[in-house]
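Residues per chain, in single letters:
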Amino acid sequence: MPEEMLGIGTEDEGRATLEGSGYVAMWPFLERSLDACLDEFSRSWHLLGGHGVSSPHRLVELTVASACERRRPYWMALAVPWLIRMAPLPSFDSRLVSDLLSSAAEAEVLPAALRDQADAALAEADE
């Protein structure tokens, strides 16, 4: 990076510098429990809101979706338990959650046990 600033992204993605970018790294929240993060986002929404994301639940959906869509094994593996927890909750977009669970159930980058858990959650959500 020019000026020896730490960059975020990869060569095939856009880059942003941390300083002054307004970039918020969301994937590390996947290392915590969904309930803890959702509670924290909800309590802090007055500080977080107003940036084009309608609610804490939508922020969670966007975070999980981006982790799954990028197919990075570590982050996708962390997203699956969140998806399983999100599936029965009416506050989340059930279609989005089902699509992401289906994708996770077929993702060869995930261990078989995690794919099986995603598949089971998907089957339970369809009942």
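Here we summarise the structure given alongside this text. This is a predicted model, so every value here is computed, not measured. (Residues numbered from 1 in each chain as written. Predicted model: local features only at pLDDT ≥ 70, side-chain atom pairs only at ≥ 80, totals over all residues. Heavy atoms only, no water.)

**Some words on the overall build of the protein chain**
Here is step 1: Counting its secondary structure elements, the protein chain contains six helices and two strands.
Here is step 2: Counting helices and strands in the order they occur from the N terminus, the protein chain gives β-β-α-α-α-α-α-α.
Here is step 3: Buried positions account for 31% of the 127 residues belonging to the protein chain.
Here is step 4: When contacts within the protein chain are restricted to residue pairs at least 6 apart in sequence, those whose partners lie at least 24 apart make up 50%.
Here is step 5: Accessible area for the protein chain stands at about 7800 Å²; split by element, carbon and sulfur atoms hold 52% of it. (Helix = DSSP H or I, 4+ residues; strand = E, 2+ residues; numbered from the N terminus. Buried < 20%, exposed > 50% of the residue type's maximum accessible area, 1.4 Å probe, protein only. Contact = heavy atoms within 4.5 Å. Areas by Shrake-Rupley, 256 points an atom, 1.4 Å probe, with all protein chains shown as cover.)

**Regarding the packing of aromatic side chains**
Here is step 1: The full count for this structure, using the stated rule, is three aromatic pairs.
Here is step 2: Between the aromatic rings of Trp-27 and Trp-75, the centroid separation amounts to 6.0 Å while the plane-to-plane angle is 40 degrees, which identifies the pairing as tilted. Here Trp-27 is found in the loop between strand S2 (16-17) and helix H1 (34-43), whereas its partner Trp-75 is found in helix H4 (residues 73-86), with 48 residues between them in sequence. With respect to burial, Trp-27 and Trp-75 carry one shared label: buried.
Here is step 3: Between Tyr-74 and Trp-75, the aromatic rings sit 4.8 Å apart at their centres with planes inclined by 80 degrees, giving edge-to-face as the arrangement.
Here is step 4: For Trp-75, a relative accessible area of 18% gives the class buried. (Phe/Tyr/Trp six-rings, centres within 6.5 Å; stacked < 30°, edge-to-face > 60°.)

**A word on the packing of H4 against helix H6 (residues 112-126)**
Here is step 1: Taken N-terminus to C-terminus, the directions of H4 and H6 make an angle of 20 degrees; their axes are 10 Å apart at the nearest point. In terms of their interaxial angle, H4 and H6 are classed as roughly parallel. Seen along the crossing, H4 lies across H6 with a hand that is left-handed. Along its contact with H4, which presents Ala-77, Val-80 and Ile-84, the element H6 presents Leu-114, Gln-117, Ala-118 and Ala-121.
Here is step 2: By residue class, the composition of the contact of H4 with H6 is six nonpolar, one polar and no charged. (Axes fitted to C-alpha atoms, helices over the stretch in contact; angles between N-to-C directions. Parallel < 35°, antiparallel > 145°, perpendicular 65-115°, else oblique. Left-handed = near helix turned anticlockwise from the far one by under 90°. Nonpolar A, V, L, I, M, F, W, Y, C, P; charged D, E, K, R; others polar.)

**Brief notes about the packing of H1 against H4**
Here is step 1: One way to put it is that H1 packs onto H4 with a least axis distance of 10 Å and a crossing angle of 75 degrees. The orientation of H1 relative to H4 falls into the category roughly perpendicular. Counting all contacts with H1, which are made through Leu-34, Asp-35 and Cys-37, the residues of H4 involved are Trp-82, Arg-85 and Met-86.
Here is step 2: Looking at the contact of H1 with H4 residue by residue, the classes come out as four nonpolar, no polar and two charged.

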